[in-house]
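# Understanding the architecture of this molecule
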Amino acid sequence: MSDNRFKDHLGRPIVAVTGMGVITSLGQGLKDNWAALTSGTSGIHKITRFPTDGLSTRICGTVDFIDIPAPNSVERSYAFARETTIEALAQAGLSGDFDGPLFLAAPPIEPEWVDRFALADRAPPAEREADAYDRFLTAMRERPDPAFLEAVQFGSISERLADRFGTRGLPVTLSTACASGATAIQLGVEAIRQGRTDRALVAATDGSVSAEALIRFSLLSALSTQNDPPEKASKPFSKDRDGFVIAEGAATLVLESLESAIARGAKVLGVVKGLGEKADSFHRTRSSPDGGPAIATIRAALEDAGMTGADIGYVNAHGTSTPENDKMEYGSMLAVFGDRLKEIPLSSNKSMIGHTLTAAGAVEAVFSLQTMLTGTLPPTINYNNPDPTIELDVVPNVKRDAQVSAVISNSFGFGGQNASLVLTAEPA
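Description of the structure in this document. Quick caveat: nothing in here was measured; it's all calculated off a predicted structure. (Residues numbered from 1 in each chain as written. Predicted model: local features only at pLDDT ≥ 70, side-chain atom pairs only at ≥ 80, totals over all residues. Heavy atoms only, no water.)

### Side note on the layout of surface pockets
If you add up the space inside the largest pocket, you get close to 680 Å³. Broken down by element, the residue count for the lining of the largest pocket peaks at four residues, all from helix 8 (residues 211-219). Of the residues assigned to the lining of the largest pocket, the class counts are eleven nonpolar, six polar and seven charged. (1 Å grid on protein atoms, 1.4 Å probe; cavity = no way out; pocket = protein on both sides within 12 Å on 5 of 7 lines; lining within 4 Å. Points joined across faces, edges and corners; volume = space filled by probe spheres on them. Helix = DSSP H or I, 4+ residues; strand = E, 2+ residues; numbered from the N terminus. Nonpolar A, V, L, I, M, F, W, Y, C, P; charged D, E, K, R; others polar.)

### Digging into the packing of helix 2 (residues 73-92) against helix 6 (residues 156-165)
Interhelical geometry of helix 2 versus helix 6 gives an angle of 35° and a closest axis separation of 10 Å. As for the relative orientation of helix 2 and helix 6, their crossing is right-handed in sense. Of the residues in helix 6, those touching helix 2 at Val-74, Glu-75, Ser-77, Tyr-78, Ala-81, Arg-82, Thr-85, Ile-86 and Leu-89 are Ser-156, Ile-157, Arg-160, Leu-161, Arg-164 and Phe-165. Looking at the contact of helix 2 with helix 6 residue by residue, the classes come out as eight nonpolar, three polar and four charged. (Axes fitted to C-alpha atoms, helices over the stretch in contact; angles between N-to-C directions. Left-handed = near helix turned anticlockwise from the far one by under 90°. Contact = heavy atoms within 4.5 Å.)

### Examining the pairing of strand 5 (residues 102-105)
Side chains Leu-102 and Leu-104 project from strand 5 onto one buried face, and the interleaved Phe-103 and Ala-105 project onto a second face that is buried too. Here strand 5 pairs with strand 7 (residues 199-206) via four bridges, running parallel. When the bridges of strand 7 are listed, Leu-102 appears paired with Leu-201. Here strand 5 pairs with strand 6 (residues 172-174) via three bridges, running parallel. Bridged to Leu-104 within strand 6 is Thr-173. (Buried < 20%, exposed > 50% of the residue type's maximum accessible area, 1.4 Å probe, protein only. Pairing = 2+ DSSP bridges.)

### As for the nonpolar core
Among the nonpolar cores identified, the biggest contains 47 residues, and Val-17, Ile-185, Leu-253, Leu-255, Val-272, Val-366 and Phe-367 are the most heavily contacted of them. No other element matches the seven residues that helix 13 (residues 360-374) contributes to this core. In this view, Val-272 contacts Val-15, Val-17, Ile-185, Val-189, Arg-193, Leu-255, Val-422 and Leu-423; residues no more than four positions away in its chain are not counted. Ranked by size, the runner-up nonpolar core spans 27 residues in total, among them Ala-294, Phe-337, Ile-390 and Ala-406. (Core = buried A, V, L, I, M, F, W, Y, C linked by side-chain atoms within 4.5 Å.)

### Some points on the environment of Asp-145
Locating Asp-145 in the fold gives a position in the loop between helix 4 (132-142) and helix 5 (146-151). Taking the C-alpha atoms as reference points, Asp-145 and Leu-119, separated by 26 residues in sequence, lie 9.6 Å from one another.

This is how it looks when you write it as structure tokens:
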């Protein structure tokens with residue numbers, strides 16, 4: 001006979017979080033990040049990784065304090081995820097082989113331009129008039145380059161993590177734009193709910209800030225150009241917001257069935273109560289202005305959790321600081337919460353850490369859980385010029401003490417990727 005204490009309202013295993021690790025531009029580790037986040041400190045700074053002469057955006061939230069063997073996106077992303085996973089497993093009290101599946105959100109990988117030019121130069125003279133693909137094959141056949149190959153393989157990050165931490169089965173690597181971290185959590189939760197495993201390791205990482213990435217987002221008019229001072233550029237829901245600040249980071253969560261966690265005496269940090277995701281086919285980068293898919297996503301998460309909008313005490317907003325996305329998110333939440341929205345505190349971590357892209361959904365899930373654990377709401381900084389068309393309690397500029405037991409964390413990404421998580425402090 002099954003114990004109903006460990007089942008949710010639909011008879012599925014309750015999924016607990018027993019370990020968390022995080023890295024952002026604010027620092028390494030949950031303790032340092034939380035102290036900086038709740039004090040209103042910004043991690044945004046001038047770019048030093050590459051020249052920015054002539055660029056309209058010259059600021060970022062890169063992580064430049066982790067040692068990596070080679071300066072490319074794969075090595076950075078792997079190093080970030082490795083460190084956050086070490087932290088999460090330690091908090092969960094797990095050592096040795098993890099013995100559960102790995103779900104990793106990782107950035108799409110492309111070789112940086114300097115590496116592409118170097119590879120082209122290696123092709124024999126007779127091949128230099130051939131198309132790029134043939135030149136690539138010729139160069140690699142004549143002089144194999146394992147380091148270059150590792151740097152451009154999308155799945156190599158998860159393979160290395162799987163080897164390092166002893167996960168079970170084929171590691172899953174996914175990329176659903178800015179919703180990737182939340183999507184990875186959803187896959188881990190579903191694996192446990194379906195009875196395929198008692199535990200899952202979920203990581204999301206992004207070390208992909210490069211000159212090319214910056215230029216691409218700039219061409220989409222997505223980035224802030226308010227470069228001076230850097231720490232004032234990200235201002236979600238403010239009238240003078242002009243774009244997001246590109247950033248890096250990572251987060252890892254250890255997910256377990258509540259029954260498994262209790263059986264081994266683990267401390268339960270929180271529960272992933274509900275999941276919602278809906279596609280938005282409006283545009284390749286823009287969200288549907290009417291917010292329809294985002295509304296459906298939030299409602300789906302609440303329904304999955306067996307809850308209503310009245311049960312939510314705090315929202316960790318997607319809050320990118322772009323004119324269009326902030327307006328869409330506000331309209332979506334207004335449609336779900338109605339007049340009560342003005343009473344629900346909401347904040348955007350991106351005002352301090354920037355937009356960590358692939359990692360954002362998991363980083364913000366960690367901060368959402370920490371909000372409930374500590375009874376502290378992190379602020380939305382740089383909120384000095386409110387947008388009169390967006391009426392929200394954004395916890396402006398200064399943290400607030402408040403005990404909340406249920407949080408929604410939103411992730412609305414490019415390409416129509418929308419995901420929302422309902423996180424609670426208690427299993428019930």
